[in-house]
Amino acid sequence: MREVKKSVPKKDAYGLIRGKPVYTDDIAPRDSLVVKILRSPHAFARIKNIDASEALAMDGVELVLTYKDVPRKPITRAGQGYPEPSPYDKFILDEYVRYVGDEVAAVAARDERTAEEALKKIKVEYEVLEPVLDFEKAEGNPSVIHPEDDIFPQFDIGFDPKRNIAASYEMEIGDVDKILEECEKDPDCVVLKERFYTQAQAHVMLEPHASFAYIDMHGRLVIVSSTQTPFHVRRQVSMVLGIPIKNIRVIKPRIGGGFGGKQALHGEMIVALIAWKTKKPAKLVYTRREVFEATYTRHPSRFDVTLAATKDGKLKAIVYDVLWDTGAYGEHALTTLMVAGSKTLPMYNKVDGVRFRGKVVYTNHVPAGAYRGYGAIQANFALESAMDMLAEKLGIDPVDLRLKNIIREGETSPIFKIMGEGREGVEMIIKSCKLEQAIKRGAEVIDWKNKFRKREKNGSKVRGVGMAIAMQGSGIANIDMASAILKLNDDGSFNLLIGATDLGTGSDTILAQIAAEALGVSTDDIIVYSSDTDLTPFDTGAYASSTTYVSGNAVRVAAEKMRKLIIEEGAKKLGMSPEEVEFDGKVIRAKDGSKEVTLKELATVRYYTEDQKQLVADGSFVGPESPPPYAATFVEVEVDTQTGKVDVLRYVSILDIGTPINPNLARIQAEGGAVQGIGMALYEDVKYSNSGKLLTNNLMYYKIPSRLDVPDMHIEFLESYEPTGPFGAKSVAEIGIDTPPAAIANAVYDAVGARIKTLPITPEKVFFAMKK
Amino acid sequence: MKIKVKINGKWEEWEIDPSDYLLDVLRREGYLSVKKACDTGTCGACTVLVDGFPALSCSILAATMDGHEITTAEGIADEMDDYMKALASEGADQCGFCSPGLMVMVYALRKEIENGKVKKDEEAVKRYLIGNLCRCSGYLGQQRAIFKFLGVK
Amino acid sequence: MPLKILEYVRPKTLEEAYELLQKDGAEILGGTTYARLSNRTIKLAIDLQDVGISDIYEEDDYIVVGAMARLANMQFHDLIMEYANGYLYDAISYVWSVQLRNIATVGGTIVPKWGFSDFITAVLALPSEVEFYKAGRMKLEEFLENPTPKKDIMTKLLIKKESRKATFKFMRNSVYDFSIVNVAVSAKDENGKLTDWRVAVGARPGVAALSRKAMEILNDGYDESHIEEATEAMQEELNFADDFRWSGEYRREVAGALMRNAISEVIG
């Protein structure tokens, strides 16, 4: 391998570091109307009267939209494949407002100040309704958050809005009740039941959500957006505004991070409608407060885990009872819930029984949506904490308990077939899995044997170690589709056109490396253009750890076709058959050494003089399966018994991601994911007021890890090759985030005996837990 | 009102409102490397040099800058080639949104180290850069590049 | 809606600034760092950068810090770096970020009596005074405990120069955060004997206050039992309250631990 397994700098690196104007707000037309949103001050209310006449009369105000001015067409904002597994329960603007921050009206004005002044002039009379702010009391609550009758799911997702249920799912393998009952009676068996809670983590991508729209010379609608899913945006906007897909173009420029938070419509519908109505460019850039209060969070959860095991540590049953808070709208509700099962349960594939029961309830909180980890991290915290507790109950080392029960190469799990994302999954024999090696290696690096339960003291500080393992996926099997086009230029370079969406991860570069490797050329000779619905072929978008595996395979297919074309055309030029020539990336030559033509010469004559044609190749790919990457993470913490403060001293994560196409970029994904996971574990606390207003709505109060909070990290990729992936690759985007919460909770327990079951693990919680 | 500022070495006169913050004025005047990300003086994406010292342009009233010297990432990029190479070769630029502000800080940090005000060690470098948040990289890749650039052992 | 300013002026003298301040709706611009978060209108914003109160110098027995000095200027000033073994240098170095300390002014930090302030706690543990243009000089604790002089301009912070040992402690979860609670302790070093103890506790979450009972006990003696008694007295005397992030009970407990640690460090 020459171009993959190589740390090529990102193609956009120098432009980005210099601060070139390449993000949505940087490139919006200078004369754009500035759009501002009037947001609900109430957690739940009906708009009795809304009068925008005074705002509209202001000098500089172009347009005001209220629910009376927009088409009433239900939609889901979730950027998912069609038909989406999320309920169509959202309107562009609605008579009801369902959380503090929900959209009431939109103003388009000549500048920001005028738009903000105009917001104040809109008179709204609300009928304040009783909000549902405790998700454990949402189901069947007399306050029905979605009383309207014109909302619906695309297919059966267990949708029951009259009972505040956005989605629900159940499955069972084996007779779980019987297994548990027998286990309870059996002196050689133990049953452990524990309840865990996780919080509504915020993505905090540095670039706030931004979009603008304008009408081009042909009268078509062009939307430029910081989105993870340009093709879904095109389809969704077409559907909700009734503009044909052929009249919409969506472009994603450089974007400042996503992490799932931009896998949805946030502003695009509004700017599109304003541009469509006014025929003027219109832009909407969220403030940080709006990003916190009115975009997405991770789904908060209550997670009941029951484990049954024999005294010698063989797991017999795993039972999940899950309650998920989707907030005001059901975006990604069913799919995140199902991923909680499908991306954790197969890790322990030797059990006799598995049961999963989950409900996703509506509340009057900020809506939850996609976020890196996508349900798996919530489940991982619960399952891997419970495994640690089970190990203690059994008197078995947690490392050994994992080793006895984990999935291995060549094995399968019935879960793969039963649980997909929103529907049935696909059968899969695991072709690459180095989980066992990862656990053993991690234990060695952290020096587990000499540290576990040693509780080394230093003044008021005590050290402890903890571990957790995780799996994720590589795209959504049978759903995520990507495609690529390669075009040969007359100097022998190639344009790679891809619908895939680089969020800053470097996927444009990685896909270029895959193309270069398959073609046998240098990555420098691949010019990438991505994420433009007019100019690039379809791709579902950047989510579900799909780009390297799904889009990468599409690129590989296109590049292999192009290579074949070059050999055919080169042979023709040399007057030989394709079997008689070879291509080394620069020259097509006869295998007997008699003749040769350079790629540049070939490309030039095909453009201008001989048998003229454009050499172009395409490739599409839909994953027949979703091979999981794996991680084993070990942490050493130091807990200050005077304050409860937890410092992570050392973080060791051993990963199986298949072939790292670009080891540096893979490392950054693993490190960045781990730090977000550490943030969820220790710092990122979410607080609401009694009336349902988000209080942690800025970066002063919502603390993401700073560089001084980041521990010493040992990230290691094991040699692994996934035969279905491009050059052996699986995925790396999400796997890094899953393990920190449980690993840290387990380490805190190891240090001071305090078991924290509600995230985040704040010093206050540890302090009072130690006192008990 | 009008203010005169020396921006990236050249005097300019800007028409501003007394309520305008420097960040918004800089972006309006085309200095788009200066990013608006947190609105609360926390993330460092809007960092510029004021009279040579790094400051948060989101938290400075533009009116107070009359007669002062401002430097943005655009004004120092040509002197920071080695830094850019170091960051790019770690892949740590990632989404890039925090990168220009961070580069301004690293530029100032290098001077402070030369002046003996900041120690040339890992802890001091991290302390100096604590006000530059990054959500993509987990900081470690950035730091590998910065330590290399500054020669921190 | 952010801050709205109708008119901005930059007077050349304190006298001129004071006169302008007497106008209806006139306000002094502090460091402007937190102003962004407020949602008000200032009719006349007065910028003091040209009135000559930015310097740091020695006068009589005091280190004088102009109210318009930036926290970073103060942090790196030789007088401050030398004082009490760099105590204030250290304390300031934990205030938010470099980029903020280059903007935030001493007056802009003290006058609003920010509860979250580490700086005020650290300074309050030293014998210090503030000076206002009209109201004149007062002890820092008097200023904090009484209503702020209206329509007046803080001109100076004065820190008594004497041989002192001092320690500043704070508790945070993320290092880059406001302190959950902070404690500063100092004592006069009279040839090895520690006298005139000062104990300041801030971010309770109210603004820093002295625990006079604790100080009295420590002035009596600073062996184990006095330290324990003083700590309990502080926990009882000062008010600790909940905010939406941390409980008063937790703050009280942690303040005790920080105070014990601070005293042992001062004793050395």
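Residues numbered from 1 in each chain as written. Chains lettered and ligands numbered in written order. Predicted model: local features only at pLDDT ≥ 70, side-chain atom pairs only at ≥ 80, totals over all residues.

(A) Up close: the overall build of chain B. When helices and strands are counted, chain B shows 6 helices and 5 strands. Put simply, chain B runs from its N terminus to its C terminus through helices and strands in the order β-β-α-β-β-β-α-α-α-α-α. A globule of 153 residues ought to have a C-alpha radius of gyration of about 15 Å, and chain B, at 15 Å, matches this closely. Referenced to the eigenvectors of the C-alpha coordinate spread, the extents of chain B come out at roughly 50 × 30 × 25 Å. By the burial criterion, 63% of the 153 residues in chain B qualify as buried. (Helix = DSSP H or I, 4+ residues; strand = E, 2+ residues; numbered from the N terminus. Rg over C-alpha atoms; globule rule 2.2 N^0.38 Å. Buried ≥ 20, exposed ≤ 12 C-beta atoms within 10 Å, placed from the backbone.)

(B) Inspection of the overall build of chain A at higher detail. Along its length, chain A carries 20 helices and 27 strands. For 772 residues, the compact-globule formula gives about 28 Å, and the C-alpha radius of gyration of chain A, at 27 Å, lands near that figure. Of all 772 residues assigned to chain A, the portion counted as buried reaches 63%. At a minimum sequence separation of 6, the contacts of chain A that also span at least 24 residues come to 80%. (Contact = placed C-beta atoms within 7 Å.)

(C) Fine view of the interface of chain B and chain C. Facing 23 residues of chain B, the contacting portion of chain C comprises 25 residues. Elements supplying a minimum of two residues to the side of chain B that touches chain C: β4 (53-56) and α5 (122-128) of chain B. Class assignment of the residues belonging to the side of chain B that touches chain C gives a composition of 13 nonpolar, 8 polar and 2 charged. (Nonpolar A, V, L, I, M, F, W, Y, C, P; charged D, E, K, R; others polar.)

(D) Spatial organisation of helix α15 (residues 507-519) of chain A. Residues and elements named next belong to chain A. When the terminal C-alpha atoms of α15 are compared, their 18 Å separation across 13 residues agrees well with the 18 Å that a helix rising 1.5 Å per residue should span. Extensive coverage of α15 is indicated by the burial of 13 of its 13 residues. A positive phi of about 80° marks Gly520, the residue just after α15. (Expected span 1.5 Å × (residues − 1).)

(E) Layout of the packing of helix α9 (residues 333-342) of chain A against helix α10 (residues 376-394) of chain A. Residue and element names in this part refer to chain A. Closest axis-to-axis distance for the α9/α10 pair is 7 Å, and the angle between their directions is 40°. Judged on the interaxial angle alone, α10 and α9 are oblique. Viewed along their axes, α9 and α10 form a crossing whose handedness is right-handed. Contacts between α9 and α10 involve Val339, Ala340 and Gly341 from the first element and Ala376, Gln378 and Ala379 from the second. (Axes fitted to C-alpha atoms, helices over the stretch in contact; angles between N-to-C directions. Parallel < 35°, antiparallel > 145°, perpendicular 65-115°, else oblique. Left-handed = near helix turned anticlockwise from the far one by under 90°.)

(F) Quick peek at the sheet that holds strand β2 (residues 45-51) of chain A. Residue and element names in this part refer to chain A. Taking strand neighbours across the sheet as the criterion, the 3 strands line up as β4-β2-β6 in an open arrangement whose pairing is antiparallel. Of all the strands in the sheet, the pair left with one neighbour each is β4 (96-97) and β6 (123-128). Sheet analysis places β2 next to β4, joined by 2 bridges and oriented antiparallel. Counterpart to Arg46 in the pairing with β4 is Tyr96. (Pairing = 2+ DSSP bridges.)

(G) Representation of the domain arrangement of chain A in the model. Residues and elements named next belong to chain A. Along its sequence, chain A is carved into domain 1 (13-129 + 209-285), domain 2 (301-476 + 625-771) and domain 3 (481-622). Taken together, the contact pairs 18 residues of domain 1 with 14 residues of domain 3. Among the elements that take part in the side of domain 1 that touches domain 3, helix α6 (residues 230-241) stands out by supplying 4 residues, more than any other. For the side of domain 1 that touches domain 3, the per-class residue count stands at 5 nonpolar, 10 polar and 3 charged. (Domains from an automatic or database assignment.)

(H) A look at the environment of A:Lys280. All names here are of chain A. Of note, Lys280 is situated in the loop between α7 (268-278) and β12 (282-285). Spatially, the C-alpha atoms of Lys280 and Arg408 are 58 Å apart, while their sequence positions differ by 128 residues. When neighbours within four sequence positions are excluded, Lys280 is seen to be in contact with Leu33, Glu62 and Ala275.

(I) Layout of the interface of chain B and chain A. With 41 residues of chain B in contact, the opposing surface of chain A contributes 44 residues. At 5 residues, the largest contribution of residues to the side of chain B that touches chain A is made by helix α3 (residues 81-90) of chain B. A per-class count over the side of chain B that touches chain A returns 22 nonpolar, 12 polar and 7 charged.

(J) Structural detail: the packing of helix α10 (residues 224-237) of chain C against helix α11 (residues 248-267) of chain C. Residues and elements named next belong to chain C. The N-to-C vectors of α10 and α11 enclose an angle of 145°; their axes lie 10 Å apart at closest approach. Considering only the axes of α10 and α11, their crossing is right-handed. Note on element contacts: α11 touches α10 through Arg252, Ala255, Gly256, Met259, Arg260 and Ile263, opposite Ile227, Thr231, Met234 and Gln235. Looking at side-chain class alone, the contact of α10 with α11 contains 5 nonpolar, 3 polar and 2 charged residues.

(K) Focus on the nonpolar core. Residues and elements named next belong to chain A. With 425 residues, the main nonpolar core has Val35, Val107, Leu496, Ala515, Ile744 and Val748 as its most contacted residues. If you tally residues by element for this core, the top one is helix α18 (residues 663-683), at 11 residues. Here Val107 is in contact with Val35, Lys36, Ala55, Val61, Val64, Ala115, Ala118 and Leu119, once residues within four sequence places are set aside. (Core = buried A, V, L, I, M, F, W, Y, C linked by C-beta atoms within 7 Å.)

(L) Representation of the pairing of strand β5 (residues 62-66) of chain C in the model. Residues and elements named next belong to chain C. The buried count for β5 comes to 4 of 5 residues, which makes it a mostly enclosed element. In the sheet, strand β4 (residues 56-59) pairs with β5 via 4 bridges, with the strands oriented antiparallel. From the neighbouring strand, Glu58 faces β5, where its bridge partner is Ile63. Counting the residues that bridge the hairpin from β4 to β5 gives 2 residues, and of these Asp60 lies at a positive phi of roughly 50°.

(M) Structural view of the domain arrangement of chain B. Residue and element names in this part refer to chain B. Structurally, chain B comprises domain 1 (2-75) and domain 2 (76-150). Of note, the centres of domain 1 and domain 2, computed from C-alpha atoms alone, are 21 Å apart. Of the residues lining the interface, 17 residues belong to domain 1; the matching set on domain 2 comes to 13 residues.

(N) Fine view of unusual backbone geometry. With an omega dihedral of -5°, the bond running from A:Tyr82 to A:Pro83 counts as a cis peptide bond. Along the chain, A:Pro83 turns up in the loop between β3 (61-65) and β4. Residues C:Arg204 and C:Pro205 are joined by a peptide bond in cis, for which omega reads 5°. Here C:Pro205 lies in the loop between β11 (193-202) and β12 (209-210). Even without being a glycine, C:Trp96 presents a positive backbone phi close to 45°. Looking at the secondary structure, you find C:Trp96 in the loop between α4 (87-93) and α5 (98-101).

(O) The arrangement of the environment of A:Pro147 in detail. Residue and element names in this part refer to chain A. Following the sequence through the fold, Pro147 ends up in the loop between β6 and β7 (165-173). Under the C-beta neighbour-count criterion, Pro147 is labelled exposed, with 12 such atoms within 10 Å. Sequence separation of Pro147 and Arg163 is 16 residues, and the distance between their C-alpha atoms is 9.6 Å.

(P) Main features of the sheet that holds strand β8 (residues 189-198) of chain A. Residue and element names in this part refer to chain A. One open sheet holds the 5 strands; their spatial order is β7-β15-β14-β13-β8, and the pairing between them is mixed. Bordering the open sheet on either side are β7 and β8, each of which pairs with just one other strand. Across the sheet, the mean angle separating the axes of adjacent strands is 5° when strand polarity is ignored. Relative to strand β15 (residues 353-362), β7 is paired through 8 bridges, and the arrangement is antiparallel. Bridging from a neighbouring strand, Ser168 pairs with Lys359 of β15. The strands that helix α5 (residues 176-185) touches are β7, β8, β13 (301-310), β14 (315-327) and β15; relative to β14, the one it contacts most, it runs at about 125°.

(Q) Up close: the confidence of the model for chain B. Within chain B, residue pLDDT values average 97, and 100% of them lie at 70 or more. For this predicted complex, the interface score ipTM comes out at 0.98, while the overall pTM is 0.98. (pLDDT = per-residue confidence, 0-100.)

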